[in-house]
Each structure stands twice: as C-alpha cells, then as structure tokens.
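Now for the letters of each chain:
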Number of protein chains: 2
Amino acid sequence: MSQEKVYLGVDLGGTTMSIGLLQSNGNIIFQSHTASKVHDGSQSALNQIIRTTEDIKRQLNSGMEITAMGIGIAGKVDTNNGVLIEATNLPNWHNVPLGEHLSKALQIPVKVDNDANVAALGEFFYGAGEKQNSMLMVTLGTGVGGGLILDGKLYSGIDGIAGEMGHMIIDIDGPVCNCGKQGCVEAFCGAKGILNRYLDKAQSKSGSLLKDINPDELTPKDISQAAIDGDPLAIETFDEVGMYLGVALANIANMLNIEIVVVGGGVANAGELILKPARKSLIEHALNVPGNRMKIVQATLGDRAGMIGASRLSFV
Amino acid sequence: MSQEKVYLGVDLGGTTMSIGLLQSNGNIIFQSHTASKVHDGSQSALNQIIRTTEDIKRQLNSGMEITAMGIGIAGKVDTNNGVLIEATNLPNWHNVPLGEHLSKALQIPVKVDNDANVAALGEFFYGAGEKQNSMLMVTLGTGVGGGLILDGKLYSGIDGIAGEMGHMIIDIDGPVCNCGKQGCVEAFCGAKGILNRYLDKAQSKSGSLLKDINPDELTPKDISQAAIDGDPLAIETFDEVGMYLGVALANIANMLNIEIVVVGGGVANAGELILKPARKSLIEHALNVPGNRMKIVQATLGDRAGMIGASRLSFV
C-alpha cells in the first residue's frame, strides 16, 4: 500500500515557533507552538526545528510519509536558494541558508519564503481566499505587509519583494512612516498610526473610554474594544483608518483588477470596524469595474495562516 | 515550399487608423496610416479595416500567408470574445463584436485588446522592454494609461482592466482628476495637469517664454519646447510632474517588483525633462531593493507601438 504524502509547515516568528504536519488538503494532523528561539541565534532556531521534526517523525502513523517542509519567516528571502538574506527584527541573522541546512539534516526538500507570502498561500488555498483566482493578503500589525497571488500562484517579483503595499504612498504630504517616507499606508494603518490618531483625538475631544490607560501601554486592541464599547473617538479612528486602507486597496484594484483582499494580522481583529469603512472607501476611490469586483474580507486562519501556508509552500 | 506566416496589426485610434503587416519578429512588411472612420460608426470602421486588408492581400508576396489579426482600441474590451464593451471617446460604440465580425469577413482569427495593452506588447517584444521579464508601459497623454506585462505575459486582471495606473491616488487631498476623484496620477501627469501647473506658475512668476500664447491653445509640447529653450517655469513644471510620476512608480515598484517601466505617449516626448526627476523620485520614495531594480526608460516605437503590438497580440 502506498503511503500518504504529508507536509511540514514552519512559522518561525519572533515570539512563537509553530510547526505543523499537514495533509495536502490543509488538514492539520499535528501541531506544536513553542517559544521561539530565534533571538538565541539561527543555530538554536534550526536545532529547535530539527528536534521538533524528529519528535513528529517518531510518532508518525506508518501510512504517512513526510515529503517536504516549508518555512515562513519575517524578512527578505532568496526563495530560489532558501536563504534568509536579512530578518525584519533579528539584526544578527544575515544570509542564513535555512533551506540547505534543514534539507541536509532532515533529508527532505525545504522551501523558504517570507511570512507575508506564506500567510497569503495559507489563506488562498485553505482560508478566506479559497476558490478565488487572484488575491492580496494584507497583514495589519506593527507593520503593514502584503502577499500577492495572481492567477493562482504566489507573485513575488524579480527580487522576491512584491506585495509591499504597506509602503504605498497615498498622501505625499501625510504623516511620517516607520520607513522614513511620508504618507505610506503603514503610517495610517499600522499600529503606531492608529494609536497616534486615537491619542490626537483624545487630546482635543471628550468621550474617550481609555483616558485612564497610560498612552505608552495602549494597543490597537484596546482601541477596538473601546469602539465596541461605544467610544466615539475609537469608532472615528477606525472609520478613518479604514478609509485610508480603502484608498490603498482602490489603487490595487485599478492596477491589478483582482477578486479579493484578505485582511489579517492583529489589527484586523477589529473586523468590521475597519473593513466596513474600507469597503466604502474602495468604491469611492476605485474605477467602477475593478472597485465593484474586489471583495474585502477578514482572514479566517488567524495565527495559523503562516504554518498552514508554509506547508503548502513545500509542494507548490 | 511552406509559406511564411505573417500577421496583421490594427491600431484603431480616434484620429488615425494604422494597419500593418508584420513578420513574427516584428519586422514591418507593409503599413498604412489613414484618417480613422471610427466617428462614422463601427460599421464604417470595420469596412475600412476589411477593405485595407483586402488591398494588402492582393499585393501579398506568394511566399507569405496572413495567419491572424490583432486590434488595439481605446476602451474596455472583453478580450475572450473580442468584443469592445465601451470605447473611451466614442459614445455610440457599445458591445461591438469586432473580433467575430472581422474574423468572419476575413476568415482568420482576430484578437482584440485595449490600446494600452497592445502598446505594452509592442514595446515589450520589439521595443524598449525587449529582453525583460516584467514591464509596465505608461502612456502619458490627455489621460495616463498603463499596460502590464508580468513574467513575459500581458496581465489584464479578471475584467481586463488591470494596469490602470493613471487613477492611482498618490495625494488624497490633491487636485481633482478627470475621473472626479482627487490626487490621481493623471491629475498631476496628464496633459491638463501639466498645463494647469505651468499656467499657475506663469501667473505668479516671471520668465515664461509662452506668455504670448493663448492659454487655451497651449499644449504639453509647447511647454517641453519652452523647457528646452530655457524657460525656468517649464523646467520646474516637468521637475514636479516627474516627481509625482516617480511616486506612482515607487508604489508600483514596491507592489510588483518589476524590472522596467517604459514611458510613451505624446507627453513622453519631453523625454529626460520628465524621466530624470521621475528616476530621482522613484529612488526617494520606493523601498531600496525594488526601487533600485526598476529602470525607467522612454518608449522606442513611438506611434507604431499599438500597430506592432496588435500584430503580436494575434499570436501570443
């Protein structure tokens, strides 16, 4: 009897390392979420992946064969060679041959891509983008990231950088972004932009439900909870943030005429608070046909999008 | 002896109809440029194409066989069925089955696409984008159009609308565009935006070489000639217009990480006056890797890009 091929997906994050063993239909057979060792250096993180994989192998059903591994990590990746060129939040990681190292140790093919791209793959094949042809995954968090699927395939561009919608400039005289430029989407829709917008309002207007919280400890989650609790400044904040997101998505609709945008990441937990004004703004700012075509929906895989998408990366 | 396959390319413009007979390598065997009959209705224009094609057939070298025809026209096209859904400047043209009609009359397959897309194909296969993998063609004229080639193929999106970079919003509080929205690329880089920018300067500053021309008769060509002749206001105008173009191209570099942007259309005759500031602005506004990767060059096929690209459309 032939063995079923199963696939490992690794989401190598700054806080958590998730490893999953998945069937080709995206069904999770086993998953492990542990504190990530990435800050101890690449060797520690690699050893952590190898040990966890060996544990999984020992417990494996004899009818299954681990065929390949995919890894998602925040940073710039040479996808052809499986090399992490530089990591977003790990200053000591440079030119780490993750793919080659793990492939030798585990004796299976290993593919590597950045976290936004693998999350996009996850949502596209098994989540909110299922059965679509083309999709943008937007990750709203500290930063604003993007992963692009065109005609059913990950589109990474010539250097593997494509999909960086967080630094699309939509207001050339707008607020300064983390990247140093003015008026990027991230300056409006990233965590800092959202917090600053709310705090500005709270200084000049009344009605804030969050005035007893130290501004330095405030998170977008607090603001979305305040909006749900009826804080008018919080509702206004998300209305405006959604409007800016919609402008960026209108630009993408006009340029790429895709079917769906899937919005994930921590800030996206605000859900309709941000998606509803984004949809309104999309229709207002896009050309008719592409604007009406493109749906904006919330991601459905949550934290697991990266792990699930990484398993899919291993066999696309 | 087998016959060489040759292809017809038709650029069905508002002023001129160009028909060319081309070899597969883009070499033009015969070309005809006559006053377009599009304003007399679609039947007149179709008859004009059929008659010209029959003239070409009669004179054809016996070693050649006309294998297919491609047509480019300004408007929204259902490319699958060769139907012009609506034309940009022809209010009476609706749902015209150009492909089916011509295919029956001429007994060859006929493909139809919009003018920006066929011009992009022309420049990509035989012009400034040759030997590249991915390219954006920007057409600067009354409007600002775009045609996108990704991984060697025309990318049109789900409704055939993709590439519409003219209505990308780069300054949400910016000037009103022809489309009614604010701060689109076209509002800065289209003919009207350029003229208004120059005229505004000429009202408040001295040094204009064009003050004796009736403002209603001024064209972007006059302003580029004035810039060449040393008019400081004209030079400043193109510096600013190029800066805005560069912002839009930075957004595209970040989003698509493509190799080259080819700039054509009447306004692009200003050449380095606009391309030099656009390149500077691209580097300033894009992320490092995609910004440094992407070249901005002038189109090389001029008016013939549409006709040449249309012939290529017929056999891609």
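Quick caveat: nothing in here was measured; it's all calculated off a predicted structure.

All right, on to the overall build of chain A then. Helix and strand counts for chain A stand at 10 helices and 13 strands. The C-alpha radius of gyration computed for chain A amounts to 20 Å, which stays within 12% of the reference 20 Å derived for 316 residues, consistent with globular compactness. Each principal axis of the C-alpha atoms in chain A carries an extent, and together these give about 65 × 45 × 35 Å. Within chain A, the fraction of its 316 residues that count as buried is 56%. Taking contacts inside chain A between residues at least 6 apart in sequence as the whole, the part at least 24 apart equals 61%. Taking the average location of the 24 positive side-chain charges in chain A and that of its 33 negative ones, the two points are 5 Å from each other.

Residues and elements named next belong to chain A. The tally for this structure, following the rule as stated, stands at 8 aromatic pairs over all chains. Taking 5.1 Å as the distance between ring centres and 85 degrees as the angle between the ring planes, the aromatic pair formed by phenylalanine 124 and phenylalanine 125 counts as edge-to-face. An aromatic cluster is defined as three or more aromatic residues linked by ring pairs; in this entry it consists of Phe124, Phe125 and Tyr126. Lying across the ring of phenylalanine 125, arginine 312 places its NZ or CZ 3.6 Å from the centre.

Okay, the packing of helix 7 (residues 232-256) of chain A against helix 8 (residues 272-285) of chain A next. In a pair of packed helices, the angle between the axes and the distance between the axes together describe the arrangement. Residues and elements named next belong to chain A. The contact between helix 7 and helix 8 brings their axes to 6 Å, and the two run at 45 degrees. Regarding the angle of helix 7 to helix 8, the classification is oblique. Handedness of the crossing formed by helix 7 with helix 8: right-handed. Along its contact with helix 7, which presents Phe238, Asp239, Val241, Gly242, Met243, Leu245, Gly246, Val247, Leu249, Ala250, Ala253 and Asn254, the element helix 8 presents Leu273, Ile274, Pro277, Ala278, Ser281, Leu282 and His285. Each residue belonging to the contact of helix 7 with helix 8 can be placed in one class, and the counts come to 13 nonpolar, 5 polar and 1 charged.

Contacts between chain A and chain B engage 43 residues on the former and 43 residues on the latter. For the pair chain A and chain B, the summed buried surface comes to about 3500 Å²; carbon and sulfur atoms form 63% of the total. Summed over the three residues of chain A that lose the most area to chain B, namely A:Ile158, A:Ile172 and A:Met255, the buried surface amounts to 19% of that side. Joining chain A to chain B, the criterion identifies 2 salt bridges. At the junction of chain A and chain B, the tally comes to 26 residue pairs in polar contact (both at pLDDT 80 or more). Of all elements in the fold, only strand 10 (144-150), helix 7, helix 8 and helix 9 (288-293) of chain A reach the threshold of two or more residues within the side of chain A that touches chain B. With 8 residues, helix 7 of chain A is the single largest residue contributor to the side of chain A that touches chain B.

Here we take up helix 7 of chain A. Since the α-helix turns once every 3.6 residues, residues separated by three or four places project in the same direction. Residue and element names in this part refer to chain A. Look at helix 7: 35 Å from first C-alpha to last across 25 residues, which is about the 36 Å you get at 1.5 Å a residue. Among the residues of helix 7, the N-terminal cap falls to aspartate 231, whose side-chain oxygen and the backbone nitrogen of leucine 233 are separated by 2.9 Å. Of the residues trailing helix 7, asparagine 257 is marked for its positive phi of about 45 degrees.

Turning next to the nonpolar core. Judged by nonpolar contacts, the single largest core of 108 residues is most densely connected at A:Met165, B:Met165 and B:Leu249. Once residues lying within four places of it in the same chain are set aside, the contact partners of B:Met165 are A:Met255, B:Leu136, B:Val138, B:Val144, B:Gly145, B:Gly146, B:Val185, B:Leu245, B:Ala248, B:Leu249 and B:Ile252.

A word on the sheet that holds strand 9 (residues 135-140) of chain B. Residues and elements named next belong to chain B. Spatially, the 5 strands line up as an open sheet ordered 11-10-9-12-13, and their pairing is mixed. Looking at strand neighbours, the two that pair on one side only are strand 11 (153-155) and strand 13 (295-298), the edges of this open sheet. Going across the sheet, the axis of each strand differs from the next one's by a mean of 25 degrees, ignoring polarity. Pairing between strand 10 (residues 144-150) and strand 11: 3 bridges, direction antiparallel. Residue isoleucine 149 lies in a different strand from strand 11, and its bridge partner there is leucine 154. Seen against the sheet, helix 7 (residues 232-256) touches strand 9, strand 10, strand 12 (260-264) and strand 13 and runs at an angle of roughly 160 degrees to strand 9.

Here we take up helix 2 (residues 98-106) of chain A. All names here are of chain A. Of all the residues in helix 2, the buried ones are Leu98, Gly99, Leu102 and Leu106. Buried residues in helix 2, looked at end-on, bunch into an arc of 90 degrees, giving them a common side. At the exit of helix 2 stands glutamine 107, carrying a positive phi of roughly 60 degrees.

Right, let's get into the sheet that holds strand 12 (residues 260-264) of chain A. All names here are of chain A. Pairing is mixed in the open sheet, where 5 strands are placed in the order 11-10-9-12-13. One side of each edge strand has no neighbouring strand; the edge strands of this open sheet are strand 11 (153-155) and strand 13 (295-298). Going from strand to strand, the sheet's axes swing by 25 degrees on average, the running direction of each strand aside. Sheet strands in contact with helix 3 (residues 115-126) are strand 9 (135-140), strand 10, strand 11 and strand 12, and its direction is about 50 degrees off that of strand 10.

What follows covers the relation of the copies chain A and chain B. For the match of chain A to chain B, the screw axis carries a shift of 0.0 Å, the RMSD comes to 0.0 Å, and the turn is 180 degrees. What the rotation and shift describe, once combined, is the action of a two-fold rotation axis. Residue by residue, 100% of the interface of chain A is reproduced at the interface of chain B, so both copies engage with the same surface.

Residue and element names in this part refer to chain B. Examined against the element boundaries, valine 10 turns out to sit in strand 1 (residues 4-12). Residue valine 10 is classed as buried on the basis of its relative accessible area, which comes to 0%. For the pair valine 10 and histidine 33, spaced 23 residues apart in sequence, the C-alpha separation works out to 9.9 Å. If we ignore the near neighbours within four places in the chain, the residues touching valine 10 are Met17, Ser18, Ile19, Ile49, Met69, Gly70, Ile71, Gly72, Met307 and Ala310.

All names here are of chain B. Remark: helix 6 (residues 220-228) packs on helix 7, axes separated minimally by 7 Å, with the N-to-C direction vectors making an angle of 115 degrees. Relative to helix 7, helix 6 is oriented roughly perpendicular. The two elements helix 6 and helix 7 cross, and the hand of that crossing is left-handed. The segment helix 6 lies against helix 7, with Pro220, Ile223, Ser224, Ala226 and Ala227 engaging Ala234, Ile235 and Phe238.

Phi at A:Asp151 takes a positive value of approximately 50 degrees, unusual for a residue other than glycine. When you line up the elements, A:Asp151 lands in the loop between strand 10 and strand 11. Despite not being glycine, B:Gln107 shows a phi value in the positive range, around 60 degrees. Tracing the backbone shows B:Gln107 in the loop between helix 2 (98-106) and strand 8 (110-114). With relative accessibility at 66%, the residue B:Gln107 sits in the exposed group.

What follows concerns the pairing of strand 2 (residues 16-22) of chain B. All names here are of chain B. Burial analysis of strand 2 places 6 of its 7 residues in the buried class, which makes it a mostly covered element. The sheet contact formed by strand 1 and strand 2 spans 6 bridges and is antiparallel. Note that in strand 2 the partner of tyrosine 7 across the bridge is leucine 22. Here strand 1 folds back onto strand 2 in antiparallel fashion, the turn holding 3 residues. Pairing between strand 2 and strand 3 (residues 28-35): 7 bridges, direction antiparallel. Residue pairing in the sheet places leucine 22 in a bridge with isoleucine 28 of strand 3. Between the antiparallel neighbours strand 2 and strand 3 lie 5 residues, among them glycine 26 with a positive phi of about 90 degrees.

Rules of the game
- Residues numbered from 1 in each chain as written.
- Chains lettered and ligands numbered in written order.
- Predicted model: local features only at pLDDT ≥ 70, side-chain atom pairs only at ≥ 80, totals over all residues.
- Heavy atoms only, no water.
- Helix = DSSP H or I, 4+ residues; strand = E, 2+ residues; numbered from the N terminus.
- Rg over C-alpha atoms; globule rule 2.2 N^0.38 Å.
- Buried < 20%, exposed > 50% of the residue type's maximum accessible area, 1.4 Å probe, protein only.
- Contact = heavy atoms within 4.5 Å.
- Lys, Arg positive; Asp, Glu negative; His and termini not counted.
- Charge placed at Lys NZ, Arg CZ, Asp CG, Glu CD.
- Phe/Tyr/Trp six-rings, centres within 6.5 Å; stacked < 30°, edge-to-face > 60°.
- Lys NZ or Arg CZ within 6 Å of the ring centre and 35° of its normal.
- Axes fitted to C-alpha atoms, helices over the stretch in contact; angles between N-to-C directions.
- Parallel < 35°, antiparallel > 145°, perpendicular 65-115°, else oblique.
- Left-handed = near helix turned anticlockwise from the far one by under 90°.
- Nonpolar A, V, L, I, M, F, W, Y, C, P; charged D, E, K, R; others polar.
- Buried area = accessible area lost by both parts, 1.4 Å probe.
- Salt bridge = Lys/Arg side-chain N within 4 Å of Asp/Glu carboxyl O.
- Polar contact = N/O pair within 3.5 Å; in protein donor to acceptor, adjacent residues only side chain to side chain.
- Expected span 1.5 Å × (residues − 1).
- Core = buried A, V, L, I, M, F, W, Y, C linked by side-chain atoms within 4.5 Å.
- Pairing = 2+ DSSP bridges.
- Arc of directions from axis to C-beta.
- Least-squares fit on C-alpha atoms with pLDDT ≥ 70 in both.

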